[in-house]
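Here is what each chain is made of, one letter per residue.
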Amino acid sequence: MQLDANKFSWFQVPEDIKNLLVLAAQTWENTSESEKYIQQALAQTGDHTDVLVAAYRFFYYKNNYSLALQTTVKLLDKIKEIENLPDDWEQLKPILINRKEDSQIRLYLNAYAASGLVLAKLGAIEEAKEISAKVKEIDEKHDFGAGILLDILTRPAEEDD
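First things first, this report covers the structure right here in the doc.

So, how was this worked out
- Residues numbered from 1 in each chain as written.
- Predicted model: local features only at pLDDT ≥ 70, side-chain atom pairs only at ≥ 80, totals over all residues.
- Heavy atoms only, no water.
- Helix = DSSP H or I, 4+ residues; strand = E, 2+ residues; numbered from the N terminus.
- Buried < 20%, exposed > 50% of the residue type's maximum accessible area, 1.4 Å probe, protein only.
- Contact = heavy atoms within 4.5 Å.
- Phe/Tyr/Trp six-rings, centres within 6.5 Å; stacked < 30°, edge-to-face > 60°.

Counting secondary structure elements, the chain contains eight helices and zero strands. For the chain, the succession of helices and strands along the chain, N to C, is α-α-α-α-α-α-α-α. Here the C-alpha coordinates of the chain stretch approximately 50 × 45 × 25 Å along the principal axes. Out of the 161 residues in the chain, the part that is buried amounts to 42%. Contacts in the chain between residues at least 24 apart in sequence constitute 48% of all its contacts with a sequence separation of at least 6.

Following this line, the structure appears as structure tokens:
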């Protein structure tokens, strides 16, 4: 299967980075080889948000949840830096509520919700519940999936008869 890097016009990265991402897709079945391309793209771009999103998805779908989490944390930190967001949730929450339609803030909320999912996959259930509850407070349209994850994580265990 031949992929054309020009088809990925939404990636605001240089062509050589797009080519690395295409190579990762083309070699998907060979995890070590495809991961090599993802790691090269990350190394060459620093913390570029588009590449971090692609890397998160790659690691998540390859079931490498620890690297998916690391990548998500980098993405969250990068957006915090770009948008000058505070660390404290009580200060951050009103900003997220007021700007949740801004693309960078939506990306932040998606990444934050994704970190909750990955934490749940890694067995850090209480942390996953905390993150999901926070995102759910902001997400009245259910855009980020945090409410569903919270419902799953807080569902009472079914009793055996």
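Resuming the write-up.
What the rule picks out here adds up to seven aromatic pairs. Taken together, a centroid distance of 5.5 Å and an interplanar angle of 75° make the contact between Phe58 and Phe59 edge-to-face. Taken as a pair, Phe58 and Phe59 share a single burial class, namely buried. Ring geometry for Tyr108 against Tyr112: centres 6.1 Å apart, planes inclined by 25°, an arrangement best described as stacked. Taken as a pair, Tyr108 and Tyr112 lie in helix H6 (residues 103–121) at a separation of four residues, close to a single helical turn.

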